[in-house]
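Letter by letter, the chains look like this.
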Amino acid sequence: MSRDIQLKERWEKVVSLLSHQFAEGDDNLDLDSIIYLIGVQELGKVHNKFKKDEKLNLMHIAICRLLEPYGFYEFDYFDSEGWPHYKVKEELPPLKAGEQSVLMKEAIVNYFLEREFID
């Protein structure tokens, strides 16, 4: 099976499982929603209500965590409120929107493979 087809199938499985669990019968979750959920998971405060700026910070946490295995970010420390902080190891190369989307989907699939949420 080609890598692209396998990624597509795994991505669809992630979307389906998370949508079933969190979208409560609404449409499928989009990429940003899944990134947000990963940020909440990484923070570990799943029952909190978050303000708008905190939601953006959660997405940033998720992006850093997702791109850490690719060498772009490195975990640095947890602050006094338990929020993880990352440092930039290498700047992301300029990517077209489609390339960015594929990179994030691949990183998300790998994240859920690591956690054995999918196989």
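As shown above, the structure is provided for reference.
These remarks concern the structure in this document. No experiment lies behind these values; they were computed from the predicted model shown.

Of the regular secondary structure elements, the protein holds four helices and two strands. The secondary structure elements of the protein, listed N-terminal to C-terminal, are α-α-α-β-β-α. Relative to a compact globule of 119 residues, whose C-alpha radius of gyration would be 14 Å, the protein shows 15 Å and is just as compact. Seen through its C-alpha atoms, the protein measures out along the principal axes to roughly 45 × 35 × 25 Å. Put simply, the protein has 119 residues, and 30% of those count as buried. Nonlocal contacts in the protein, meaning residues at least 24 apart in sequence, comprise 50% of its contacts between residues at least 6 apart. Here the protein displays about 8,100 Å² of accessible surface, and carbon together with sulfur accounts for 49% of that area. Between the averaged position of the 15 positive side-chain charges in the protein and that of its 23 negative side-chain charges there is a distance of 1 Å.

Moving on, we get to the pairing of strand β1 (residues 73-78). Note: β1 against strand β2 (residues 84-88), five bridges, orientation antiparallel. Each residue of the ladder has a partner; that of Glu 74, found in β2, is Lys 87. Here β1 folds back onto β2 in antiparallel fashion, the turn holding five residues, of which Gly 82 has a positive phi close to 90°.

Counting across every chain of the model gives five aromatic pairs. When the centroid spacing of 5.7 Å and the interplanar angle of 80° are considered together, the rings of Phe 75 and Tyr 86 count as edge-to-face. With Phe 75 in strand β1 and Tyr 86 in strand β2, this pair connects stretches of sequence that are 11 residues apart. Overall, Tyr 86 belongs to the buried group, its relative accessible area being 17%.

Ranked by internal contacts, the top residues of the largest apolar core, which has 25 residues, are Ile 34, Ile 38, Leu 66, Leu 67, Ile 108 and Phe 112. For this core, the elements supplying multiple residues, two or more each, are α1 (3-22), α2 (31-43), α3 (52-67) and α4 (97-114). In terms of residue count, α4 provides more of this core than any other element does, seven residues in total. Core analysis: the second largest hydrophobic core is formed by six residues, Val 40, Leu 43, Phe 50 and Leu 58 among them.

To continue, consider the layout of surface pockets. By volume, the largest pocket amounts to about 420 Å³. What lines the largest pocket is a set of 18 residues, and nearest its centre among them are Phe 22, Leu 37, Val 40, Gln 41 and Val 46. Of all elements in the fold, only α1, α2 and α4 reach the threshold of two or more residues within the lining of the largest pocket. Among the elements that make up the lining of the largest pocket, the one with the highest residue count is α2 (five residues). Grouping the amino acids of the lining of the largest pocket by side-chain chemistry returns 11 nonpolar, three polar and four charged.

How each quantity is defined
Residues numbered from 1 in each chain as written. Predicted model: local features only at pLDDT ≥ 70, side-chain atom pairs only at ≥ 80, totals over all residues. Heavy atoms only, no water. Helix = DSSP H or I, 4+ residues; strand = E, 2+ residues; numbered from the N terminus. Rg over C-alpha atoms; globule rule 2.2 N^0.38 Å. Buried < 20%, exposed > 50% of the residue type's maximum accessible area, 1.4 Å probe, protein only. Contact = heavy atoms within 4.5 Å. Areas by Shrake-Rupley, 256 points an atom, 1.4 Å probe, with all protein chains shown as cover. Lys, Arg positive; Asp, Glu negative; His and termini not counted. Charge placed at Lys NZ, Arg CZ, Asp CG, Glu CD. Pairing = 2+ DSSP bridges. Phe/Tyr/Trp six-rings, centres within 6.5 Å; stacked < 30°, edge-to-face > 60°. Core = buried A, V, L, I, M, F, W, Y, C linked by side-chain atoms within 4.5 Å. 1 Å grid on protein atoms, 1.4 Å probe; cavity = no way out; pocket = protein on both sides within 12 Å on 5 of 7 lines; lining within 4 Å. Points joined across faces, edges and corners; volume = space filled by probe spheres on them. Nonpolar A, V, L, I, M, F, W, Y, C, P; charged D, E, K, R; others polar.

Scope: geometric values only; no functional claims are made or implied.
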